[in-house]
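Now for the letters of each chain:
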Amino acid sequence: MAGASAEATDPWRQATARMRRAGVRRLLVVSGDAGWCLAQAQMLRGRLPGDWLWVGAPQAGWPRYCPPAALRTLLGREFRHAVFDARRGLAVDALAALAGTLRAGSWLVLLVPAWSLWETLPDADSLRWSERRDPIITPHFIAYFRHSLLADPGVALVRQGEDVILAPLPALPPWRPPAPGPTDEQQALLSRLLAADAGVFVLTAPRGRGKSTLAGMLAARSGGCCWATAPSKDTAAVLERHAGDLVRFFAPDALLLRCRHHRAADWLLVDEAAAIPMPLLRELLDYFPRVLLTTTVQGYEGSGRGFLLKFCATLARWHHLSLEQPLRWAKDDPLERWLGATLLFDEPAERAVAPPDAAPVLTRPVQARWRSHPRELQDFYQLLAGAHYRTTPLDLRRLMDAPGQRFIAARTGDRLAGALWSVDEGGLSPALAHEVWAGRRRPPGSLVAQSLAAHGGLWTAPCLRSRRISRIAVAAAGRRRGLGRQLVARMVAGAAELDFVSVSFGLTDDLWRFWRAVGFQLVHIGTHLEASSGCYSAMALYPLSAAGRRLAAQGTALLTRDGDIRAQGDVPADGAGLGVYPRPCAGGLEVGDWRNLAGFAFARRSPAACRFSLTRLLQRTDLPLTALRLWLEQRLDEGDIAGRTGLSGRKALTARWREETAQALEDISAETCRRWRLWSTPGGYLHAGGEEGL
């Protein structure tokens, strides 16, 4: 009776009991001085029984603790009540991940700075996405975030110096957790899967709908051999719990190796498939007669729509399945509703655009405008999220507050038909650009400009002023009308004072055809398939100044020079007809090769960045250079090379490659080697040998 009496007189216990009966969770925001916020959290922990996981920097007296970056290791686990410490920085992706671990009847307590000061304080989390050395203030997102808190009646807000008013939720029907076993919705899908003789099935759903549970049930009921994989074993914990001993888990790379040498199982179950490298996933599918892929359509790790667009659209035949009913909390859960609305997780309905003869109006919105026009922000972000793989809440924060962001929106009437997002880059000092080229420094920002130096050998690229196209998207109903070209043309016209415009993309026929048609020149192709796109990465430039034109010409010449080696190996020579043609190599080492090889031998340039120059070096010398020849001529993988050479680990192998390169350069020309070794030292670009040619 004492417990019942306490509940009747304590508003926190009363509210929590109502939440538990209704099967819902709520967000409680505590705003004030750091010490006062902590005291409120401690008070709540004392009043309300629960797990009380603390997410943030370690806090004395809180035994259950997890740093925000490690929250993914808790997938599949459940907690009652948690505190998220955002007093110094707001990691919204971690906040969303934490929400997915809370069971019905839980509070998510969010500690934030004093309400009136919040916009003016540097946000430590900005170091992850702002491309700045020091934390920046984030006034636009904080204003947007605060408005979302005030606008949602399901959010409870406690501010220092104000009376605590805990607004009750509207009357909600009693909730009962699902009975053991599959729900009706799950059973219908299980029946379909168990009857399948073959096929790839893609199950998408928001969090908490039982995707992993269904995958485990399938393994338990299939009667055949089931193998499972996931980005980590922790991710597959729920699947394994429901499958028992009837599924065998493999890490993705270990599973692929096994499939290459052993007969595959009857079923492959892939949990959170969107987080697995696409080339690896695509190869795995070929080994299994039946495959179930699960992925989240709304969440902190990216867009399920992006997975469907990028990966599933490449499959010859696949079947889309979905789950709608939440299992761990009630429908219309206040916490899930607020997160989806605030972080724009919800899938927007496809909106019609104006007739083909309606001319789009192109504007240049600025970050400050979105504070007063949130619907424009939502339209812009969601259009880009639907078109680009692995868009996350960090992109929303970057969009709203990161310095140097530029936007173009194309509207037909009141509908957003197209969007382009670009970022200012470059302007590094020659000394810093040289260090980037050498592999000794990688300051934040200037993604393509620095990549051109670090990977493409164009060491002066970061010195020039440029603008990178980060995202571009056109609404489905408005495609094939030239709108993408108009967006790029408007962006280029607004960058006339710069040296070049750049873009980085996954190399496909269609994408390169588009970028070439709007005036870009291909200057670099990567040497390995990218995990996120399943394609070779490519960089292209639209030169605007004389310096930009020289840089583009150098990049094209470098790419062309390497074409003959690309054609002999396992990397694309011309992207299957993309218009970059091999040039016969004269057999000697050019200036660009000497620079590249000295940077590898005497600085820290990566093996991949120097691969083609190293291949020409082997053609030029008769020295044994065992480790280099095993890699580039016999094309063994690093493990086999290490075994044959007696080396342990990649670090030791790379050091051996550098030693052999230095030995070969010295053998070819001691004087030239000395000069380029000096050039590769810090500040060495000031010495003789720094010709700007190839």
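Bear in mind the structure is a predicted one, so any value in this text is a computation, not a measurement.

**Q** Quick rundown of the sheet that holds strand E3 (residues 65-66)? Include the residues and the values.
**A** On the basis of which strands lie adjacent, the open sheet formed by six strands has the order E3-E2-E4-E5-E1-E8 and parallel pairing. Only two strands of the sheet have a single partner each, and these edge strands are E3 and strand E8 (156-159). The sheet contact formed by strand E4 (residues 82-85) and strand E5 (residues 107-112) spans four bridges and is parallel. By the bridge assignment, Phe84 is partnered in E5 with Leu110.

**Q** Now, about the nonpolar core: what can you tell me, with residues and values included?
**A** Within the largest apolar cluster, 57 residues are counted, with the highest numbers of intra-cluster contacts made by Phe84, Leu90, Leu110, Phe141 and Phe380. Leave out the neighbours within four places in its chain, and Phe380 touches Trp370, Leu399, Phe407, Ile408, Ala409, Leu416, Ala419, Leu420 and Trp421. Counting residues in each nonpolar core, the second largest holds 39 residues, with Ala433, Trp459, Ala598 and Leu632 among its members.

**Q** Outline the packing of helix H25 (residues 638-645) against helix H26 (residues 650-668), listing residues and values.
**A** Contact geometry of H25 with H26 gives a least axis separation of 10 Å together with a crossing angle of 75°. Between H25 and H26, the angle falls in the class roughly perpendicular. Note on element contacts: H26 touches H25 through Arg650, Leu653, Arg656 and Trp657, opposite Glu638, Ile641 and Thr645. Its residues assigned to classes, the contact of H25 with H26 comprises three nonpolar, one polar and three charged.

**Q** Summarise the sheet that holds strand E18 (residues 465-474); cite the residues concerned and give the values.
**A** Strand pairing in a sheet takes place through backbone hydrogen bonds and is either antiparallel or parallel in direction. With mixed pairing, the seven strands of this open sheet are ordered in space as E15-E16-E17-E18-E19-E21-E20. The open sheet terminates on both sides in strands that have one partner only, identified here as strand E15 (361-363) and strand E20 (521-529). Here the strands of the sheet are splayed against their neighbours by 20° on average, with no regard to which way each runs. Taken together, the four bridges between E18 and strand E19 (residues 500-506) define a ladder with parallel strand orientation. In the sheet register, Ile469 faces E19, and the bridge partner there is Val503. Across the sheet, helix H14 (residues 374-387) is in contact with strand E16 (405-412), strand E17 (415-426) and E18; its angle to E17 comes to roughly 80°.

**Q** Describe in detail the pattern of salt bridges, supporting the description with residues and values.
**A** Summed over the entire model, instances satisfying the criterion amount to 40 salt bridges. Of the charged contacts in the structure, one is a salt bridge between Glu336 and Arg209, with a shortest N-O distance of 2.5 Å. Here Arg209 lies in the loop between strand E9 (199-205) and helix H7 (211-221) and Glu336 lies in helix H12 (residues 334-342), a separation of 127 residues in the sequence. Judged by relative accessible area, which is 17%, Glu336 ranks as buried. Between Arg398 and Asp395 there is a salt bridge whose closest N-O contact spans 2.6 Å.

**Q** Any chance you could break down unusual backbone geometry for me, citing the residues and the numbers?
**A** Within the chain, His81 stands out as a residue other than glycine whose phi angle is a positive 75°. The topology assignment puts His81 in the loop between E3 and E4. Relative accessible area serves as the criterion here: at 0%, His81 is assigned to the buried category. For Glu272, which is not glycine, the phi torsion reads 50° and is therefore positive. With respect to the helices and strands, Glu272 occurs in the loop between strand E12 (267-270) and helix H10 (278-285). Overall, the relative accessible area of 9% leaves Glu272 in the buried class.

**Q** Any chance you could break down H26 for me, citing the residues and the numbers?
**A** In this model, H26 (19 residues) spans 27 Å end to end at C-alpha, consistent with the 27 Å of a helix rising 1.5 Å per residue. If you follow the buried residues of H26, they end up packed against helix H22 (591-602), helix H23 (611-620), helix H24 (626-632), H25 and helix H27 (670-679).

**Q** Which residues make up the packing of aromatic side chains, and what are the values?
**A** Where two aromatic rings form a pair, the distance of their centres and the angle of their planes describe that pair. Enumeration over the complete set of coordinates arrives at 24 aromatic pairs. Between Trp115 and Trp118 the ring centres are 6.0 Å apart and the planes differ by 55°, which places this aromatic pair in the tilted class. Judged by relative accessible area, Trp115 falls into the buried class, the value being 13%. With centroids separated by 5.4 Å and ring planes inclined at 45°, the aromatic side chains of Trp459 and Tyr685 adopt a geometry described as tilted.

**Q** Run through the pairing of E17, naming residues and quoting values.
**A** Along any regular strand, the residues point their side chains to alternate faces of the sheet. Burial analysis of E17 places nine of its 12 residues in the buried class, which makes it a mostly covered element. In the sheet, E16 pairs with E17 via eight bridges, with the strands oriented antiparallel. Across the sheet, Gln405 pairs through a bridge with Val423, a residue of E17. Connecting E16 to the next strand, E17, in antiparallel fashion are two residues, including Gly413 with a positive phi near 70°.

How each quantity is defined
Residues numbered from 1 in each chain as written. Predicted model: local features only at pLDDT ≥ 70, side-chain atom pairs only at ≥ 80, totals over all residues. Heavy atoms only, no water. Pairing = 2+ DSSP bridges. Helix = DSSP H or I, 4+ residues; strand = E, 2+ residues; numbered from the N terminus. Core = buried A, V, L, I, M, F, W, Y, C linked by side-chain atoms within 4.5 Å. Buried < 20%, exposed > 50% of the residue type's maximum accessible area, 1.4 Å probe, protein only. Contact = heavy atoms within 4.5 Å. Axes fitted to C-alpha atoms, helices over the stretch in contact; angles between N-to-C directions. Parallel < 35°, antiparallel > 145°, perpendicular 65-115°, else oblique. Nonpolar A, V, L, I, M, F, W, Y, C, P; charged D, E, K, R; others polar. Salt bridge = Lys/Arg side-chain N within 4 Å of Asp/Glu carboxyl O. Expected span 1.5 Å × (residues − 1). Phe/Tyr/Trp six-rings, centres within 6.5 Å; stacked < 30°, edge-to-face > 60°.

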